[in-house]
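Survey of secondary and tertiary structure
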Amino acid sequence: MPSRIELLCNERGLKMTGQRRVIARVLSDATDHPDVEQLHHRATAIDPRISVATVYRTLRLFEEANILERARVPQRSARYEEAPRSITTI
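The following refers to the structure shown. Treat the numbers as computed from the prediction; the structure is a model and nothing was measured.

Let's shift gears to the overall build of the chain. What the chain contains, in helices and strands, is five helices and two strands. In the chain, the succession of α and β elements from N to C terminus is α-α-α-α-β-β-α. Buried residues in the chain amount to 40% of all 90 residues. Long-range contacts, defined here as pairs at least 24 residues apart, represent 46% of the contacts in the chain between residues at least 6 apart. Working note: accessible area of the chain is about 5400 Å², and carbon and sulfur atoms make up 51% of it.

What follows is the structure in structure tokens.
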């Protein structure tokens, strides 16, 4: 079954590669607000071929499509979560 983020990507016409699906699933399953390193660690546990560059590119793509929001926390890395307005469109 597709994750919430996968459904939003499909709805917005984004091309979904296998690695993007893994990243989308990791983000949808997250109960916290992971940073890039945490996402990369979790995603490579599923698919070790995913590079940190792929995670950055995928996050940027999801952010540009208003699927994710980046939360800047002072003195910490950016954290990512589903954009509130994207949740209501499913």
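Having seen the structure, we can now continue with the description.
A few words on the nonpolar core. Ranked by internal contacts, the top residues of the largest apolar core, which has 20 residues, are Ile5, Cys9, Leu27, Val55, Leu59, Phe62 and Ile67. Counting residues per element, the ones that place at least two in this core are helix H1 (4-11), helix H2 (18-29), helix H3 (36-46) and helix H4 (52-64). Considering each element in turn, this core owes the most residues, five residues, to H2.

Our focus in this paragraph is the pattern of salt bridges. Applying the stated criterion across every chain yields a total of five salt bridges. Glu6 serves as the salt-bridge partner of Arg21, at 3.4 Å between the closest nitrogen and oxygen. With Arg21 in helix H2 and Glu6 in helix H1, this residue pair connects regions lying 15 residues apart in the sequence. A relative accessible area of 2% places Glu6 in the buried class. Where Glu64 meets Arg60, a salt bridge forms, and the shortest distance between an N and an O atom there is 3.8 Å. Here Arg60 and Glu64 lie together in helix H4, a separation of four residues that amounts to about one turn. Take Glu64: its relative accessible area is 57%, and that puts it in the exposed class.

Once that is clear, we can look at unusual backbone geometry. Even without being a glycine, Asn66 presents a positive backbone phi close to 60°. Assignment of secondary structure puts Asn66 in the loop between H4 and strand E1 (68-71). Assessed through its relative accessible area of 36%, Asn66 is described here as partly exposed.

In this section: the packing of H2 against H3. Here H2 crosses H3 at 120°, and the two axes come no closer than 9 Å. Taken together, H2 and H3 sit at an angle that is classed as oblique. The crossing of H2 and H3 is right-handed. From H2, Val22, Ile23, Val26 and Leu27 reach across to H3, where they touch Leu39, Arg42, Ala43 and Ile46. The residue makeup of the contact of H2 with H3, split by class, is seven nonpolar, no polar and one charged.

Structurally, Thr58 is set in helix H4. When sequence neighbours within four positions are dropped, the list of residues in contact with Thr58 reads Arg20 and Ile23.

Conventions adopted
Within each chain, residues carry numbers counting from 1 in the order of the written sequence. Only residues with pLDDT of at least 70 are given local features in this predicted model, and only at 80 or more are side-chain atom pairs given and counted; all residues enter the totals for whole chains, interfaces and linings. The side-chain figures draw on all heavy atoms in the structure; neither hydrogens nor water molecules are used. A run of DSSP states H or I qualifies as a helix once it reaches four residues; a run of E qualifies as a strand once it reaches two. Both are numbered from the N-terminal end. Whether a residue is buried, partly exposed or exposed follows from its accessible area with a 1.4 Å probe, protein chains only, as a fraction of its type maximum: under 20%, in between, or over 50%, in that order. Residue contacts follow a heavy-atom distance rule, with two residues in contact if any of their heavy atoms lie within 4.5 Å. All accessible-area figures derive from a Shrake-Rupley calculation using a 1.4 Å probe, and residue coverage is judged against the displayed protein chains alone. Here, the term nonpolar core denotes a set of buried Ala, Val, Leu, Ile, Met, Phe, Trp, Tyr and Cys residues that are joined through side-chain atoms within 4.5 Å. A carboxyl oxygen of Asp or Glu within 4 Å of a side-chain nitrogen of Lys or Arg is what we treat as a salt bridge. Angular values range over 0 to 180 degrees, each being the angle between N-to-C directions of two axes fitted as lines to C-alpha atoms, with helices fitted over their stretch in contact. Should an angle fall under 35 degrees it is called roughly parallel, over 145 degrees roughly antiparallel, and 65 to 115 degrees roughly perpendicular, with every other angle called oblique. Throughout, a crossing is termed right-handed when the near helix is turned clockwise from the far one, and left-handed when it is turned anticlockwise from it by less than a right angle. Residue type decides the class: Asp, Glu, Lys and Arg count as charged, Ala, Val, Leu, Ile, Met, Phe, Trp, Tyr, Cys and Pro as nonpolar, and the leftover types, Gly among them, as polar.

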